[in-house]
Amino acid sequence: MKKHLKRILGALAIYFLLLLLLLAAEGKTPGASIRTFGEAVWFSLITMTTVGYGDLSPVTPAGRLIGVVFALCSIGILTALIGLGITLLNGEFLPRMRLRRGKRKRWYAFQEENEDAAALARALRKEDPDCLLIFPAGEKKLAEGADVLRLDWTQSELIRLRGGAQGLWIFFLGQKDWKNVSGALAACECGAACVCMSEAPVDRLPGNMVLFSPLEAMSRSYWKNHPLRSDEHCVVLLGCGAAGSALLERALITNVYERGRNTEYHVFDDTAGFAALHPEAVRALSMGKTGEDALVFHKENWTEARSLLQRAERILVAYDDEKLNFKVWEELRTWFGGAAALHVRLSERVPGIESFGGRDESMRPEFVMKDEINRRARLMNDIYNEGSNTPTSWEELSAFLRQSNIAAADHLIVKARYLLQDETLTELSRADCARAYARYRELCVERADQMQEMEHRRWMRFYQMYNWQYDPIRNNEKRRHPMLVTYEELTETERKKDAFAWEMLGRLSEKE
């Protein structure tokens, strides 16, 4: 916009100078018809538009020379003015006008236009058809639609156009994690809600900033849409790189059920070093422990484990290389039998393949903006505070404790499936929470210990994933906790704390 304004001002300055020179040459010459500034303007316009009434004409050589300049510039000036007008209308003038007129709508501004941003924009449009999607002006045009605006913007400019930060979301979805983080932290100072895509952890976040990991979004989406069934006791994961590790971690901290319902997880090709990074979880889930899931890492090639593959109920192909995933899928279908559900990580859907991990699945507001997840986690923290002598607000929690509350909130749908005996449940509505809580109240007398133990095992699983160990004296710096023991070893007071998570269903039935 500023560049176009400079061009306009420059052209006007030259035009104004030519008018002054014309008036100086003609104004005091005997017999001249151009004697005032208005007549000079009239002559210039009539000449440049090629109308040529002939009522005014220069008589001096200098005046005629300037007249020739006006005549020669006529087509060029008109073309430039028309082109400039079209550029302004199609460039930034109309988008800014639409922003000013759309202040009541939600604005979703993207710092960069890429495949992730385009996928999220499509999902936002589905949830909020009346929104405006704002992208920087540039060559990439991956997002389409009448609600898409492209202009060069800054956070402060958008807030000024809107008249405040309320209803404005700014997304930082570039490929460089720390660039996203630094940009989002700076934008948060303007007061707008910011969403940052990054695998890098940030311990203390501003209240108006949401940090999400694309791999976490992928894994959360997968286990939500493909819940573990009660008849699935053997799950095989082929490929434990970055994507496979995210899937495995989410499975271990989410798929925690009542004692007796156990699952074996068999992992091949641990290229990310999951076993080395999570020794406490591996130790806690070593094969043969009564009442616990089992986690087994195989060093042999998966093609050598034919009997295991044939008895597995679910096989996940999750290498980071999608071409390899497709190749493994072909080999499994061609050379190996079995009735296992076969799920393959692919960014694009392929007919005939049960795939997951596409952008349209994971780049959705519930996994990116995490409004509902964070709301439930905050409510969970409020419930814990009610039974604590040292309550801690959500803003004061460390990143680890926030994730602990989020994990507890994520597990609520597992609790609802258990209470309602409905393994197909993938969304947790207010009505579902009410029904599940009513069932909980019916069962809590005879099954209180069973349900509280289930929650205690889930809580321990999360802490073990981050390599916490038992110690009679708690030490957060050294990751030591006195409650990392079996449910039977807890005191009566400690056992009752595990009922708080179940009570959450009742709160959600009231406040959903």
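Residue numbers here run from 1 along each chain, matching the order of that chain's written sequence. Thresholds applied to this predicted model are a pLDDT of at least 70 for local features of residues and 80 or more for the giving and counting of side-chain atom pairs; totals over whole chains, interfaces and linings are not thresholded and use all residues. Calculated side-chain values reflect all of the structure's heavy atoms, with hydrogen atoms and water omitted.

## Comments concerning the overall build of the chain
A count of helices and strands for the chain gives 20 helices and 14 strands. Per-residue burial for the chain yields a buried fraction of 49% across its 512 residues. Contact definition: two residues touch when any of their heavy atoms are within 4.5 Å. In the chain, the share of contacts with a sequence separation of at least 24, taken over all contacts with a separation of at least 6, comes to 66%. Working note: accessible area of the chain is about 25,500 Å², and carbon and sulfur atoms make up 55% of it. For the purpose of charge, His is not counted, nor are the chain termini; Lys and Arg are scored as positive and Asp and Glu as negative. Charge coordinates come from a single atom per side chain, which is NZ of Lys, CZ of Arg, CG of Asp or CD of Glu. The average position of the 69 basic charges and that of the 70 acidic charges among the side chains of the chain differ by 6 Å. Strands are runs of DSSP state E lasting at least two residues, helices are runs of H or I lasting at least four, and both sets are numbered from the N terminus onward. Type-normalised accessible area, obtained with a 1.4 Å probe on protein chains alone, sets the label of each residue: buried when under 20%, exposed when over 50%, and partly exposed for intermediate values. Surface accessibility in these figures is a Shrake-Rupley result with a 1.4 Å probe; residues are shielded only by whichever protein chains are displayed.

## Describing the sheet that holds strand β7 (residues 234–238)
Two strands qualify as a pair provided that DSSP identifies no fewer than 2 bridges between them. The 6 strands lie next to each other as β9-β8-β7-β10-β11-β12, forming an open sheet whose pairing is parallel. The strands lining the two open edges of the sheet, one partner per strand, are β9 (294–298) and β12 (355–356). As paired strands, β7 and strand β8 (residues 264–268) are joined by 5 bridges and run parallel to one another. Across the sheet, cysteine 234 pairs through a bridge with glutamate 264, a residue of β8. Sheet strands touched by helix α7 (residues 214–225): β10 (314–317), β11 (341–345) and β12. Its angle to β10, the strand with the most contacts, is close to 160 degrees. Every axis corresponds to a line fitted to the C-alpha atoms, with the helix fit spanning only the stretch in contact, and the corresponding angles, defined between N-to-C directions, vary from 0 to 180 degrees.

## Some points on the packing of aromatic side chains
Two aromatic rings, taken as a pair, are described by how far apart their centres are and by the angle between their planes. Centre distance within 6.5 Å is the pairing criterion for rings of Phe, Tyr and Trp, where only the six-membered ring of Trp is used; planes under 30 degrees apart are then read as stacked, over 60 as edge-to-face, and the remainder as tilted. Tallied over the full model, the rule gives 22 aromatic pairs. Summarising the aromatic geometry, the rings of phenylalanine 400 and phenylalanine 462 are spaced 5.4 Å apart at their centres and angled 35 degrees between planes, so their arrangement reads as tilted. Of this pair, phenylalanine 400 sits in helix α16 (residues 399–410) while phenylalanine 462 is found in helix α18 (residues 430–465), placing the two residues 62 residues apart along the sequence. Ring pairing ties together the aromatic residues Phe400, Trp459, Phe462, Tyr463, Tyr466 and Trp468, which thus form one cluster.

## What about the confidence of the model for the chain?
Per-residue confidence from the predictor is reported as pLDDT, which spans 0 to 100. Predicted confidence across the chain gives a mean pLDDT of 88, with 94% of residues reaching 70 or more. Helix α3 (residues 61–101) is the least confidently modelled element of the chain, averaging 72 in pLDDT, while β10 averages 98, the highest of any element.

## Quick word on the pattern of salt bridges
Take a side-chain nitrogen of Lys or Arg and a carboxyl oxygen of Asp or Glu: if they are within 4 Å of each other, that pair is a salt bridge. By the definition in use, this model includes 35 salt bridges. Note that lysine 224 is salt-bridged to glutamate 427, the shortest N-O span being 2.7 Å. Highlighted residues: lysine 224 in helix α7 and glutamate 427 in the loop between α17 (412–420) and α18, separated in sequence by 203 residues. Lysine 224 sits in the buried class, given a relative accessible area of 13%. The shortest N-O distance in the salt bridge between arginine 457 and glutamate 292 comes to 3.4 Å. Taken as a pair, arginine 457 in helix α18 and glutamate 292 in the loop between α10 (279–284) and β9 lie far apart in primary sequence, 165 residues in all. Note on glutamate 292: relative accessible area 19%, which makes it buried.

## Topic: a negative patch on the surface
Only residues whose relative accessible area exceeds 30% and that take part in no salt bridge are eligible for patches, with like-charged residues grouped when within 9 Å of each other and nonpolar side chains (Val, Leu, Ile, Met, Phe, Trp, Tyr) grouped when within 5 Å. Judged by side-chain charge, Asp449, Glu488, Glu489 and Glu492 come together as a negatively charged surface patch. Inspection of the secondary structure assignment puts glutamate 489 in the loop between β14 (480–481) and α19 (492–497).

## Overview of a nonpolar patch on the surface
Nonpolar side chains collect at one region of the surface, where Phe16, Leu20 and Phe37 lie side by side and expose about 260 Å² of accessible area between them. Residue position: phenylalanine 16 is located in helix α1 (residues 2–26).

## Overview of the packing of helix α8 (residues 242–254) against α18
Put simply, α8 and α18 touch, their axes get as near as 8 Å, and they point 150 degrees apart. Comparing the axis directions of α8 and α18 gives the class roughly antiparallel. Each of Glu249, Leu252 and Ile253 in α8 lies in contact with α18, whose residues at this interface are Arg458, Arg461, Phe462 and Met465. Side-chain classes are defined by residue name, with Ala, Val, Leu, Ile, Met, Phe, Trp, Tyr, Cys and Pro counting as nonpolar, Asp, Glu, Lys and Arg as charged, and the others, Gly among them, as polar. A breakdown of the residues in the contact of α8 with α18 according to their chemical character gives 4 nonpolar, no polar and 3 charged. Each angle gets one of four labels, with under 35 degrees taken as roughly parallel, over 145 as roughly antiparallel, 65 to 115 as roughly perpendicular, and the rest as oblique.

## Details of unusual backbone geometry
Backbone geometry at lysine 370 places phi at a positive 55 degrees, although glycine is not the residue there. With respect to the helices and strands, lysine 370 occurs in the loop between α14 (365–368) and α15 (371–386).

## What about helix α12 (residues 322–335)?
A rise of 1.5 Å per residue sets the reference length of α12, with its 14 residues, at 20 Å; its end C-alpha atoms lie 20 Å apart and thus fit the reference within 8%. Where α12 is concerned, the buried positions are Asn325, Val328, Trp329 and Leu332. Here the buried residues of α12 occupy an arc of 105 degrees about the axis, which is enough to place them on one side. For α12, the exposed residues set more than 90 degrees away from the buried face come down to Lys323, Thr334 and Trp335. Buried-residue contacts for α12 involve β7, α11 (306–311), β10 and β11. A distance of 3.0 Å separates the backbone nitrogen of lysine 323 from a side-chain oxygen at the start of α12, and that oxygen is part of aspartate 321. What a helix is expected to span follows from its residue count: subtract one and scale by 1.5 Å. This arc corresponds to the set of directions leading from the helix axis out to the C-beta atoms. The definition of a polar contact used here is a pair of N or O atoms within 3.5 Å, where within protein one atom must be able to donate a hydrogen and the other to accept one, and adjacent residues in sequence count solely through side-chain atom pairs.

## Remarks on the nonpolar core
To qualify as a nonpolar core, a set must consist of buried Ala, Val, Leu, Ile, Met, Phe, Trp, Tyr and Cys residues joined through side-chain atoms within 4.5 Å. Formed by 35 residues in total, the largest nonpolar core has its most connected members in Leu248, Leu252, Tyr265 and Leu295. Within the residue set of this core, elements represented by two or more residues are α7, β7, α8, β8, α16 and α18. Tallying contributions element by element places α8 first for this core, with 6 residues. Here leucine 248 is in contact with Leu237, Cys240, Tyr265, Val267, Phe274, Leu295 and Phe297, once residues within four sequence places are set aside.

## Let's talk about the side chain of glutamate 453
Within the element layout of this structure, glutamate 453 appears in helix α18. Beyond its immediate stretch of four places on either side in the chain, glutamate 453 contacts Arg259, Tyr487 and Glu488.

## Examining the pairing of strand β2 (residues 132–135)
Burial of the side chains of β2 extends over both faces: Leu132 and Ile134 are buried on one face and Leu133 and Phe135 on the other. The definition of a right-handed crossover adopted here requires that, viewed with the strands pointing away, the path from the first strand over the helix to the second runs clockwise. Following the backbone out of strand β1 (residues 107–110), through helix α4 (residues 115–127) and into the adjacent parallel β2, one traces a crossover that is right-handed. When β2 meets strand β3 (residues 148–150), the two strands line up parallel, connected through 3 bridges. Looking across to β3, one finds that leucine 133 is bridged to valine 148.

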